[in-house]
Amino acid sequence: APAPAPAPAPPPADAAENAGKSKSALKKEAKKAAKKEAKGGGAAQPSKPSISLEPPSGTRDFFPDEMRTRSWLFAKFRETARQMAFVEYDAPVLEHEELYKRKGGEEITEQMYNFVDKDGKAVALRPEMTPTLARMILSLGGKQLLPVKWFSIPQCWRFETVQRGRKREHFQWNMDIIGEKSIAAEVELLAAITTFFKSLGVTSADVGIKVNSRKVLSATLELYGITSDKFAEVCVIVDKLDKIGADAVIELLMEKEVSAEAAKKIVASLSLRSVEELEQLIGDASSEAVQDMRELFQQAEAYGFADFLYFDASVVRGLAYYTGIVFEGFDRKGELRAICGGGRYDKLLTLYDPSLPADVPACGFGFGDCVLMELLAEKGLLPELEPQIDFVVVAYNADMKYNALKVIALLRQAGYAVDLLLEPAKKVAKAFNYADRVHGKRVLFVAPDEWVAGKVRMKDLRTQDDSLKEVDLPFEGLVEELFKLKVVPVA
């Protein structure tokens with residue numbers, strides 16, 4: 001007898017599941033399955049941000065803690081400027097590129113963030129503030145009586161290698177005196193720097209200020225037959241001594257057609273460390289370079305900050321426009337980059353406006369925040385800063401929030417810093433936790449029973465006085481009552 005036919009195989013589970021589904025539904029499911037497989041076999045993958053969460057290289061975010069420290073530092077800058085009778089100015093961070101296109105081989109011209117804007121104008125994010133100041137003074141057309149003492153705290157941008165104390169953006173405290181040709185201007189600027197250091201607790205044992213004069217280098221170059229047309233370029237090269245060493249500086253000088261013998265003598269002259277040594281080299285005690293140095297140190301002695309200063313012939317600064325006294329702040333340990341620097345630039349305004357009848361004397365300094373913050377952190381001189389919140393006002397329930405807003409308006413009008421717990425809180429612990437988190441000093445509760453009695457309840461979270469830890473205060477005359485308790489707004 002013939003073998004019985006085999007029983008038909010049961011349909012696959014998927015087929016049984018898909019029975020009765022439309023073709024479009026099946027296609028959608030197939031697409032979903034393919035996507036899951038592409039993402040890793042169907043396993044759930046953690047989502048990632050679609051953007052980088054770091055700021056661009058060499059730049060900084062300032063979160064609230066850092067912002068408090070920055071504001072504290074800027075306040076110190078401004079207080080010193082106020083004491084020295086300087087007035088503040090500011091200008092756009094976007095500047096005309098042509099202001100920085102100077103001859104002399106300066107690094108700054110190669111480090112600019114520059115571009116052509118949609119109007120076809122060549123512009124740059126300012127790498128320094130001094131040219132902008134010169135432009136602003138010139139824009140007044142002689143209407144501003146000189147001298148002027150101006151200061152600013154601009155953000156500056158340079159595309160350079162990022163390292164300790166050096167970013168691609170930084171804030172820089174600039175102080176300048178325009179219109180004073182005597183050495184008194186430099187002395188006033190150095191007094192400002194040392195006054196600022198002292199206000200932070202930084203002493204002459206921590207930092208020093210190297211002082212020199214471009215006139216010193218000019219006199220030295222004359223001894224070795226270097227013509228004045230090469231002066232700016234030679235200054236820029238000499239400024240690289242600490243970075244590239246004596247042999248490399250000599251080589252660069254020779255590339256500028258300075259003889260090997262003269263180049264070696266120029267580098268050797270940079271080792272001078274006293275005005276007496278300078279006088280011996282130049283051989284003329286009456287020279288302007290020697291007289292400037294002697295007068296500077298005498299005035300510094302009278303002012304009381306001579307202990308910060310010492311003569312160093314190697315300091316010439318890297319900007320081509322300096323013409324006279326130059327100076328540079330440094331940490332005594334020698335671990336950080338220059339803390340600040342500046343000098344005299346009597347020819348910058350006539351460089352921008354050759355029609356001026358004479359050079360306009362000018363000098364100034366720049367004081368970057370990055371190296372300074374490194375120094376203060378190393379010395380343990382950065383303050384522990386917290387938000388200054390006088391009160392956190394808490395409504396007991398939704399009905400009380402309107403009364404809570406009345407309390408807040410009253411206190412803020414009186415100058416108190418007041419935060420609001422945005423959601424009503426019947427539980428005291430929630431209010432206390434929030435107040436601790438935002439560093440609130442006191443909590444004011446606006447609750448039904450107290451409000452009916454015309455009062456609010458204050459709990460002081462920081463006091464050691466038991467009588468002030470919990471007090472009911474009248475809403476009418478609340479500010480007066482607080483002043484009686486010596487609860488005054490945070491300055």
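To be clear, the structure that these remarks concern was listed above.
Residues numbered from 1 in each chain as written. Predicted model: local features only at pLDDT ≥ 70, side-chain atom pairs only at ≥ 80, totals over all residues. Heavy atoms only, no water.

Undergrad: Lay out the sheet that holds strand 16 (residues 455–460) with the relevant residues and their values.
TA: Strand order in this open sheet of five strands is 14-13-15-16-17, and the pairing throughout is mixed. Only two strands of the sheet have a single partner each, and these edge strands are strand 14 (418–420) and strand 17 (470–474). The sheet shows a mean angle of 30° between the axes of neighbouring strands, direction not considered. Note that strand 13 (residues 389–395) and strand 14 share three bridges and pair parallel. Note that in strand 14 the partner of V393 across the bridge is L420. Running at roughly 150° to strand 15 (residues 440–446), helix 16 (residues 428–437) makes contact with strand 13, strand 14, strand 15 and strand 16 of the sheet. (Pairing = 2+ DSSP bridges. Helix = DSSP H or I, 4+ residues; strand = E, 2+ residues; numbered from the N terminus. Axes fitted to C-alpha atoms, helices over the stretch in contact; angles between N-to-C directions. Contact = heavy atoms within 4.5 Å.)

Undergrad: Lay out the nonpolar core in plain terms, naming residues and giving numbers.
TA: Grouped together as the largest cluster of nonpolar side chains are 55 residues, with contacts concentrated most on W173, M175, F365, F367 and L372. When residues of this core are assigned to their parent elements, the largest contribution, 10 residues, is made by helix 5 (residues 184–200). If sequence neighbours within four positions are ignored, M175 has contacts with A81, M84, F86, W150, F151, L189, A192, C363, G364 and F365. Counting 23 residues, the second-largest nonpolar core is a separate cluster that includes V393, L411, V446 and V456. (Core = buried A, V, L, I, M, F, W, Y, C linked by side-chain atoms within 4.5 Å. Buried < 20%, exposed > 50% of the residue type's maximum accessible area, 1.4 Å probe, protein only.)

Undergrad: Would you mind going over the side chain of E95 in detail, with residue names and values included?
TA: For E95, the position within the fold is in strand 2 (residues 94–96). Looking at E95, its side chain comes within polar contact range of the side chain of R135, at 3.1 Å. (Polar contact = N/O pair within 3.5 Å; in protein donor to acceptor, adjacent residues only side chain to side chain.)

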